[in-house]
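# A closer look at the structure
Spelled out from the first residue to the last, the chains are:
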Amino acid sequence: IKLLIFLMGIIFFHCAVNAHVEQPKDLSNIGIDEKLGQLIPLDLTFHDENGNPVILKQLIQTPTILAPVYYHCPNVCSFLLSNLAGVINKLPSEPGKEYKVVAFSFDETEKPDLALEKKRMYLKMIEKPFPEDAWRFLTGDKENIHKLTDAIGFHFKKQGEDFLHPVTVIILSPDGKITRYMYGTDFLPFDLKMALLEASEGRVGPTLSKVLRFCFSYDPKGRKYVFNTLKITGIVTLLFALSLILFLVFKGKRQPIQEE
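For the structure given in this document, a descriptive report is provided here.

Rules used in this analysis
- Residues numbered from 1 in each chain as written.
- Predicted model: local features only at pLDDT ≥ 70, side-chain atom pairs only at ≥ 80, totals over all residues.
- Heavy atoms only, no water.
- Salt bridge = Lys/Arg side-chain N within 4 Å of Asp/Glu carboxyl O.
- Helix = DSSP H or I, 4+ residues; strand = E, 2+ residues; numbered from the N terminus.
- Buried < 20%, exposed > 50% of the residue type's maximum accessible area, 1.4 Å probe, protein only.
- Disulfide = S-S within 2.5 Å.
- Phe/Tyr/Trp six-rings, centres within 6.5 Å; stacked < 30°, edge-to-face > 60°.

Evaluated as defined, the whole model comprises 8 salt bridges. E143 serves as the salt-bridge partner of K147, at 3.2 Å between the closest nitrogen and oxygen. Here the residue K147 and the residue E143 both occupy positions in helix α5 (residues 142-152), the gap between them amounting to 4 residues, near one helical turn. The exposure class of K147 is partly exposed, given its relative accessible area of 40%. Here E201 makes a salt bridge to R203, at a shortest N to O gap of 2.6 Å. Taking relative accessible area as the criterion, E201 reaches 48% and is therefore assigned partly exposed. Accessibility expressed as a relative area gives 39% for R203, which makes it partly exposed. In this structure, a network of salt bridges that share partners links the residues D48, E49, K119 and R136.

As a further point, take the state of the cysteines. All told, the structure shown has 0 disulfides when counted by the stated rule. Note on C73: no disulfide assigned, nearest cysteine sulfur contributed by C77 at a separation of 3.3 Å. We classify C77 as buried; its relative accessible area is 3%.

Before going further, it helps to spend a moment on the packing of aromatic side chains. The tally for this structure, following the rule as stated, stands at 13 aromatic pairs. Each ring, one from Y181 and one from Y183, has its centre 6.3 Å from the other, and the planes form 15°; the classification is stacked. An aromatic cluster of three or more residues is present, and its members are Y70, F106, F154, F156 and F163.

See the structure below:
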């Protein structure tokens, strides 16, 4: 028994070391802190792709897909927006009436001219009729950007000319309530349709984020979620050790006392 307890101590130490390796201190503040059911501040002011000041309340009046990106992102933000355009092609819902899309840059140095360039590029990818006002591309100042990213629990960090950041879209109800987070760059039309339907009714959708945060870690360098093999292996090993201890304890209690 003492040997098994000693081994358990080693396992705990091993898991702690692995957890530290998987999430260094300088990256621990990058990721998503879900705010499901909370309202975003709709009084924030941004600039649209034409340079006009807009208040979020003017844009978010139907179920809305909110995409935090930065427009000069060399990879995942581009994949996110292009894949979103591809899903919109297959989405039966009517854009502008049943849903809207709002992309906003969390880089305060980006200006409306770049937002307009990106808007034209992604709207060209949508083959079916799509009103321009149904997908807005916003830029803003540092204060309003951080108020919005804090409200949605989106944590990022600037690194050189680029950013380390999570990859997600947030589904909002018409009154600005966060009803669902959808992670990664690929979405199924059915999943997006159901998320928008839930948002139209103000219902907070189910999320696997807690499981994902435990089983997966966000890799800022690769800008993707990776499976925590060491963490899961450590937990499985720990459960096995506990089961073995319980087995030996109960087996020892059941052994009959031998008569001399």
